[in-house]
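# Structure at a glance
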Amino acid sequence: MRIRVYSALWMLVGFILMVYLGHLYICVMVIVIQILMVAELFNLLRRAHENRRLPGFRLLNWHFFFTAMLYVYGRILSQQLVNTVTSDKFFYKLVSGLIKYQMVICYFLYIAGFVWFILTLKKKMYKYQFSQYAWTHMILIVVFSQSSFTVANIFEGIFWFVLPALLIAINDVAAYFFGFFFGKTPLIKLSPKKTWEGFIGASVATMISAFVFANILGGFQWLTCRRKDLSTGWLQCDPGPLFKPEYYPLPRWFLWKEMSVLPVQWHALCFGLFASIIAPFGGFFASGFKRAFNIKDFGYSIPGHGGFTDRMDCQMVMAIFAYIYIQSFIIPQTYPVEIILDQILRSLTFEEQKDLLKKLELALAERQFGTI
């Protein structure tokens, strides 16, 4: 317990430091953790089959990983990259070209890896080699792809990274202590130490924490501002209606006349519900996986906790949920001007279209030259 607490404190200090430094540094932290997680899983496979290692097989695994990284982060960060280099004509053209042909580049990198794999096939090793090929792709889909959505969440505002991560940590700690002091009824066979008492107690604690911490974190502008480029400067922005308090009257017998609530706190309850009910299944999945390989932990990177994969199993499930929720319910729906104009023109007669065109020309002239 002492070792676990010391490790947790060091991780907490590092986490707070990265949050203070800002969006870009948090993204670097996430990418480093991803590399360490993938290395743990590649090493797990190597430990299980040390006597059948193939020359260049490890390098091929990393080739697929970095190809996937180039593709995913190229898609996620394309707009931020363009916004960062707009002031320099040369780099703007270079980055724009890379973004335009990114899919082609990544496709041929993948095909190169595919051809490389085929050329390395050996007799009596086909089954083993194809299982390794499938294993590599499972790591990329289940581990890397899910965790990459964390970066997209960060640029929507550090709040959307900190809150989900914090809720997973609170749920994990609460489940441990509720289970330790009150646990009697087993929850699932994959994790014999998990109990219904710990699960329910952690769910209640997570929901309360979601509502409270959303209010606390929502008060810091540094956490709520979107980052539109890859710079590291301090941000100032209008926090938006989600982070502006609304007031609700309270019954007369309360000491206070009204209660202040940020609208984002209601959304936080959805995050808390998912973190306490669905996200733990990421941990159950990892437990079943470790049982299949007959190992206790994925690695030994974090004293008392195992490897980074052991700590991030639920975080990956939470990251993709947070991304989908933000895109669906937080970010307002926007449409290109062409689509909106086309829909308007379709509903007008020819005379009405001419009248609208004259009004638009007049409005444009007023904006350019002032009152006519």
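Residues numbered from 1 in each chain as written. Predicted model: local features only at pLDDT ≥ 70, side-chain atom pairs only at ≥ 80, totals over all residues. Heavy atoms only, no water.

Look at helix α7 (residues 126-155) against helix α13 (residues 308-330): their axes get within 8 Å of each other, and the N-to-C directions meet at 45 degrees. What the angle tells us is that α7 and α13 run oblique. The element α7 and its partner α13 pack so that their crossing is left-handed. Here V142, V143, Q146, S147, F149, T150, A152 and N153 of α7 come into contact with α13, specifically with M316, V317, A319, I320, A322, Y323 and I326. Of the residues in the contact of α7 with α13, the class split is 11 nonpolar, 4 polar and no charged. (Axes fitted to C-alpha atoms, helices over the stretch in contact; angles between N-to-C directions. Helix = DSSP H or I, 4+ residues; strand = E, 2+ residues; numbered from the N terminus. Parallel < 35°, antiparallel > 145°, perpendicular 65-115°, else oblique. Left-handed = near helix turned anticlockwise from the far one by under 90°. Contact = heavy atoms within 4.5 Å. Nonpolar A, V, L, I, M, F, W, Y, C, P; charged D, E, K, R; others polar.)

With that settled, the discussion passes to the state of the cysteines. For the structure on display, the rule yields 1 disulfide. Bridging C225 to C237, the disulfide has an S-S length of 1.9 Å. With the S-S dihedral at roughly -95 degrees, the linkage between C225 and C237 falls on the left-handed side. One end of the pair, C225, is in the loop between α10 (221-224) and β3 (246-249); the other, C237, is in the loop between α10 and β3, with 12 residues separating them in the sequence. Looking at C225, the relative accessible area reads 1%, which means it is buried. Take C106: it sits in no disulfide, and the sulfur closest to it among the cysteines is that of C27, at 18 Å. (Disulfide = S-S within 2.5 Å. Buried < 20%, exposed > 50% of the residue type's maximum accessible area, 1.4 Å probe, protein only.)

Let us now look at the nonpolar core. Counting 68 residues, the largest nonpolar core has I26, F159, W160 and V264 as the members making the most contacts within it. With 10 residues, the top contributor of residues to this core is helix α2 (residues 23-48). Apart from residues lying up to four places away in sequence, I26 is in contact with M18, V19, I154, I158 and F161. (Core = buried A, V, L, I, M, F, W, Y, C linked by side-chain atoms within 4.5 Å.)

Before going further, it helps to examine the packing of aromatic side chains. Considering all chains together, one arrives at 35 aromatic pairs under this definition. Here the aromatic rings of Y107 and F108 are separated by 5.3 Å at their centres, their planes lie at 75 degrees, and the arrangement is edge-to-face. Consider the rings of F211 and W266, whose centres lie 5.4 Å apart with planes at 55 degrees: the pair is tilted. With a gap of 55 residues between them, F211 in helix α9 (residues 196-217) and W266 in helix α11 (residues 264-277) connect regions that are remote in the sequence. On the basis of relative accessible area, F211 is assigned to the partly exposed category, the value being 22%. Counting every residue linked through ring pairs, the aromatic cluster contains F159, W160, F243, F271, F274, F321, Y325 and F329. It is R4 that lies over the ring of Y176; its NZ or CZ is 6.0 Å from the centre. (Phe/Tyr/Trp six-rings, centres within 6.5 Å; stacked < 30°, edge-to-face > 60°. Lys NZ or Arg CZ within 6 Å of the ring centre and 35° of its normal.)

The interhelical angle for the contact between helix α6 (residues 102-119) and α7, taken along N-to-C directions, is 160 degrees, at an axis separation of 12 Å. With respect to α7, the axis of α6 lies roughly antiparallel. Relative to α7, the crossing made by α6 is right-handed. Taken together, the residues of α7 that come into contact with α6 (itself represented by Y110, F114 and F117) are Q129, F130, Y133 and H137. Class assignment for the residues of the contact of α6 with α7 results in 5 nonpolar, 2 polar and no charged.

Attention shifts here to α11. Note that an α-helix has 3.6 residues per turn; residues three or four places apart therefore point the same way. Over its 14 residues, α11 runs 20 Å from end to end, which matches the ideal 20 Å to within 8%, given 1.5 Å per residue. All of the buried residues along α11 are V264, Q265, H267, A268, F271, G272, F274, A275 and S276. Each element contacted by the buried residues of α11 is listed here: α8 (159-182), α9, β4 (258-261), α12 (280-293) and α13. (Expected span 1.5 Å × (residues − 1).)

Here the focus is the pattern of salt bridges. Summed over all chains, the structure comprises 6 salt bridges. R311 serves as the salt-bridge partner of D172, at 3.0 Å between the closest nitrogen and oxygen. Taken together, the residues span a long stretch of sequence, with D172 in helix α8 and R311 in helix α13 at a distance of 139 residues. For D172, a relative accessible area of 33% corresponds to the partly exposed category. Since its relative accessible area comes to 26%, R311 is described here as partly exposed. One salt bridge connects R227 with D229, and the closest N-O pair in it is separated by 3.8 Å. (Salt bridge = Lys/Arg side-chain N within 4 Å of Asp/Glu carboxyl O.)

Time to look at the environment of I344. If you trace the backbone, I344 turns up in helix α14 (residues 337-346). Residue I344 is classed as partly exposed on the basis of its relative accessible area, which comes to 37%. Separated by 12 residues in the primary sequence, I344 and L356 have C-alpha atoms spaced 10.0 Å apart.

Before going further, it helps to examine the pairing of strand β2 (residues 191-195). With 2 bridges joining them, strand β1 (residues 186-188) and β2 adopt antiparallel strand pairing. Bridge assignment links P186 to a residue of β2, and that residue is T195. (Pairing = 2+ DSSP bridges.)

Once that is clear, we can look at the environment of P239. You can see P239 is positioned in the loop between α10 and β3. P239 gets classed as partly exposed once you look at its relative accessible area, which sits at 30%. C-alpha of P239 to C-alpha of Q221: the two residues are 18 residues apart in sequence and 6.7 Å apart in space. Discounting residues that sit within four places of it in the chain, P239 has contacts with T224 and K244.

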